[in-house]
Amino acid sequence: MQSSRRGPAPRFTPLFAALFLALVPAVSAAQTSTVQRLGTPNLSAQPGQAVTLAMRFNAVPMAENYNVFIHFIDQNGVNHAPAGADHLPPVGTSQWSGAVAYNRTVTLPTSMPLGTYAIRVGLSQTHSPWARVALAMGSGVTVDDQFRYTVGTLTVGAQQPATTQVLQLSTPSLSGQAGQNVTLGMRFNAVPMSQSYYVFVHLVDANGVQYPNLGADHLPPVSTTSWSGAIAYNRVVALPTNLAAGTYTVRVGLYSMTAPSYPRVALAAGSGVTADGELRYIVGTLTVGGGQPPGNGPVGQDASAYVLTFQEEFNNGFNTSVWNDHIWYESSNPTVNYAVRNGVLKIWPQRDASGSFFNRTIDTDGKYQQRYGYFEMQAKLPIGRGVWPAFWLLAHPGDRRPEIDIMEAYPGGGPNSGWGDSNLHPVAFAATVWPNGSSNPTAGTRTLQTPDLSAAFHTYAVKWEPNRQTFYFDGQPFLTIDVTMGDPMYLLLDLWFGSASGTPDSSTPTGEGNAFEVNYVRAWQFR
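All of the points below concern the structure found in this document.

With respect to the overall build of the chain
- Across its full length, the chain holds one helix and 34 strands.
- Computed over the C-alpha atoms, the radius of gyration of the chain is 24 Å, within 12% of the 24 Å expected from 2.2 N^0.38 for a compact globule of 527 residues.
- Across the 527 residues of the chain, 54% fall into the buried class.
- Considering only intrachain contacts with a sequence separation of at least 6, the fraction spanning at least 24 residues in the chain is 73%.
- Just so you have it, the chain exposes about 21500 Å², and 50% of that area is on carbon and sulfur atoms.
- Taking the average place of the 29 positive charges on the side chains of the chain and the average place of its 32 negative ones, the gap between the two points comes to 7 Å.

And the structure:
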């Protein structure tokens, strides 16, 4: 993110508090954003440790891009937060809208006095006169006379565990419908660990049976090798459409990616958490109702704003009335490298009869297209030299080729490229808008760094409005482009080879075990 110059974060004392409003004006508006309590409002840590603040706003677009400040205020009214706590949010406040939730990790000063601090946040200008912004207050939030909003507490010096503790979900009793998304408020009281572990999430029914292939495993936002203190973040999980009604226990834990055993890690159980005999920790319950409601909306969006227009869950095989297996200017390669297995479309690297790797495109050209709306895919990506998975929208009227690339990944580029890690696993993807086709200039693009995208399912989406395209990863916006795109477009899922991923070779894993796995594709129109 491009940085902006901002004013200093003053440490206010009672002597200057009364003068503050006269010296630093406030910005106000008839309609403004609402600041909410932190996702985990009561945090604890030691001096020198890092704490993760789950920031939450109910946002409306504002007059300019403001800075978010964070203050840790002691009983005497003195701010002890480091200057680096202040930041620009991941979506500029001139464009943010609706529920905005993200994590901000702050390292406490080693000299920070022990005690309990009020966590106060707010918005301020990034330029003189550094004015703060009057905001609305969510439930449980209070404001002081300096336009600072108390959203939680931080206790410094509390006794820390010898090993990482698993805490209950921030909302331990959840409910949802099959096919809907649920948000798990993950919480740990962390100490640094010996390696970078994955977090698993299991749903276990009343008979002790775990739902298979939930696709919720993930790397936490802070590596377990460096996490410390209170760690809180949200994990959005898409409930399978065939998930049976009933009450499930939510069981989580850590595991190593060391094959072949992928060993789990013994952790401490926090208050209200119990461990089973498999190093899984029960952190809450999920009650699932029967059937998918017709009003189910996109991840992170207000469902009432959308009408579902396209839904492919891949529960009934490969539907040729909806999908083609080649792009319009090529013929279909007869070598089989795609299939629907257990409700998931898989496209994998394969050599054809000539011994060469070949491109495979699955699309809806001539069978489904749409102008504007919200387009979303949940998928897990392949690894290896040369692989190039993508999810995109395209039209080809006449000589024009307008294109919206929602997700393109190039893991074969390796660590020097920024696209892959040393094992050629995907750790980034790009979104791009091409108003006049990929042979012409883009209207905008961004490469987003991520956890390993081959380790778990994630959602990739675009909200396409008449003059704006906003891109989302796991329900969080990361790129907005303002350009007019008016042609109806169709959906494409493909696994190609080359470009920034390099040329596939004998090291590229082939077969179904290394597939571009698509759990669903959905589209909505605006109401």
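Comments concerning the sheet that holds strand 33 (residues 490–497)
- Strand order in the open sheet formed by six strands is 24-33-26-27-28-29, and the pairing between neighbours is antiparallel. At either end of the open sheet lies a strand with only one pairing partner, and these are strand 24 (360–363) and strand 29 (444–449). Across the sheet, the axes of successive neighbouring strands diverge by a mean angle of 15°, strand direction being ignored.
- Judged from the eight bridges that link them, strand 26 (residues 387–394) and strand 33 form a sheet pairing that is antiparallel. By the bridge assignment for strand 33, Leu 394 is matched with Tyr 490.

Some details on the nonpolar core
- Counting residues in hydrophobic clusters, the biggest one holds 47 residues, and the most contacted among them are Met 377, Ile 404, Tyr 460, Leu 493 and Val 521.
- Apart from residues lying up to four places away in sequence, Ile 404 is in contact with Trp 392, Leu 393, Thr 432, Val 433, Val 462, Trp 464, Gln 469, Phe 471, Met 485 and Met 489.
- Val 35, Leu 38, Tyr 66 and Val 151 belong to the second largest nonpolar core, which has 36 residues in total.

Things to note about the side chain of Thr 52
- Within the secondary structure, Thr 52 sits in strand 4 (residues 50–59).
- One polar contact links Thr 52 to Thr 105, side chain to side chain, over a distance of 3.2 Å.
- The residues touching Thr 52, leaving out its near neighbours within four places in the chain, are Leu 43, Asn 103, Arg 104, Thr 105, Val 222, Ala 230, Ile 231 and Ala 232.

Some words on the pattern of salt bridges
- All chains considered together, the criterion is met by twelve salt bridges.
- The salt bridge partner of Asp 276 is Arg 251, with a shortest N-O separation of 2.9 Å. Highlighted residues: Asp 276 in the loop between strand 19 (274–275) and strand 20 (281–289) and Arg 251 in strand 17 (residues 246–255), separated in sequence by 25 residues. Here Asp 276 and Arg 251 have matching classes, each one buried.
- What you see here is one network of salt bridges that share partners, running through Arg 251, Arg 264, Asp 276, Glu 278 and Arg 280.

Digging into the sheet that holds strand 4
- Sheet architecture is open: four strands sit in the order 6-4-2-9, paired in mixed fashion. With one partner strand each, in any of the chains shown, strand 6 (98–107) and strand 9 (136–137) form the two edges of the open sheet.
- Two strands pair when backbone bridges link them, and strand 4 and strand 6 are joined in this way by ten bridges, in the antiparallel orientation. When the sheet's bridge partners are listed, Ala 54 is paired in strand 6 with Asn 103.

Considering unusual backbone geometry
- Across the junction of Ser 128 and Pro 129, the peptide omega takes the value 15°, indicating a cis bond.
- If you trace the backbone, Pro 129 turns up in the loop between strand 7 (115–124) and strand 8 (132–133).
- Unusually for a residue other than glycine, Phe 314 sits at a positive phi of about 55°.
- Position of Phe 314 relative to the elements: it lies in the loop between strand 21 (306–312) and strand 22 (338–341).
- The phi torsion at Ser 499 lies on the positive side, around 50°, for a residue other than glycine.

A word on the environment of Met 112
- Within the element layout of this structure, Met 112 appears in the loop between strand 6 and strand 7.
- You can call Met 112 buried: its relative accessible area is 4%.
- The spacing of Met 112 and Val 156 is 44 residues in sequence and 7.9 Å in space, taken between C-alpha atoms.
- Ignoring any residue separated from it by four or fewer positions in sequence, one finds Met 112 in contact with Pro 47, Phe 72, His 80, Tyr 117, Leu 154 and Val 156.

A few points about the environment of Glu 465
- In this structure, Glu 465 sits in strand 30 (residues 458–465).
- Distance in space between the C-alpha atoms of Glu 465 and Gly 373 is 6.5 Å, their sequence separation being 92 residues.
- Setting aside anything within four residues of it in sequence, one finds Glu 465 in contact with Tyr 372, Thr 470 and Phe 526.

Description of the packing of aromatic side chains
- The full count for this structure, using the stated rule, is 25 aromatic pairs.
- With a centroid separation of 6.5 Å and 45° between ring planes, the pair formed by Phe 471 and Phe 478 is classed as tilted.
- Here Phe 471 falls in the buried class, since its relative accessible area comes to 0%.
- Phe 478 gets classed as buried once you look at its relative accessible area, which sits at 7%.
- Every member of this aromatic cluster is reached through a ring pair, and the members are Tyr 306, Tyr 374, Tyr 472, Trp 524 and Phe 526.
- Over the aromatic face of Phe 200 sits the side chain of Arg 264, whose NZ or CZ is 4.8 Å from the ring centroid.
- The ring of Tyr 520 carries the charged tip of Arg 522 above its face, separated from the ring centre by 3.6 Å.

Side note on the side chain of Asp 494
- For Asp 494, the position within the fold is in strand 33.
- Arg 360 provides the closest opposite charge to the buried, unpaired Asp 494, separated from it by 11 Å.
- Of the polar contacts made by the side chain of Asp 494, one reaches the side chain of Trp 392; its length is 2.5 Å.
- Setting aside residues up to four positions removed in sequence, Asp 494 forms contacts with Arg 360, Thr 361, Trp 388, Pro 389, Ala 390, Trp 392 and Phe 516.

Some points on the environment of Ala 428
- Its place among the elements puts Ala 428 in strand 28 (residues 428–434).
- Sequence separation of Ala 428 and Arg 56 is 372 residues, and the distance between their C-alpha atoms is 25 Å.
- Those residues in contact with Ala 428 that lie beyond four places of it in its chain are Ala 409, Gly 418, Trp 419, Thr 447, Leu 448, Gln 449, Thr 450 and Leu 453.

Quick notes on the rules
Residues numbered from 1 in each chain as written. Predicted model: local features only at pLDDT ≥ 70, side-chain atom pairs only at ≥ 80, totals over all residues. Heavy atoms only, no water. Helix = DSSP H or I, 4+ residues; strand = E, 2+ residues; numbered from the N terminus. Rg over C-alpha atoms; globule rule 2.2 N^0.38 Å. Buried < 20%, exposed > 50% of the residue type's maximum accessible area, 1.4 Å probe, protein only. Contact = heavy atoms within 4.5 Å. Areas by Shrake-Rupley, 256 points an atom, 1.4 Å probe, with all protein chains shown as cover. Lys, Arg positive; Asp, Glu negative; His and termini not counted. Charge placed at Lys NZ, Arg CZ, Asp CG, Glu CD. Pairing = 2+ DSSP bridges. Axes fitted to C-alpha atoms, helices over the stretch in contact; angles between N-to-C directions. Core = buried A, V, L, I, M, F, W, Y, C linked by side-chain atoms within 4.5 Å. Polar contact = N/O pair within 3.5 Å; in protein donor to acceptor, adjacent residues only side chain to side chain. Salt bridge = Lys/Arg side-chain N within 4 Å of Asp/Glu carboxyl O. Phe/Tyr/Trp six-rings, centres within 6.5 Å; stacked < 30°, edge-to-face > 60°. Lys NZ or Arg CZ within 6 Å of the ring centre and 35° of its normal.

Keep in mind these values describe shape, not function.
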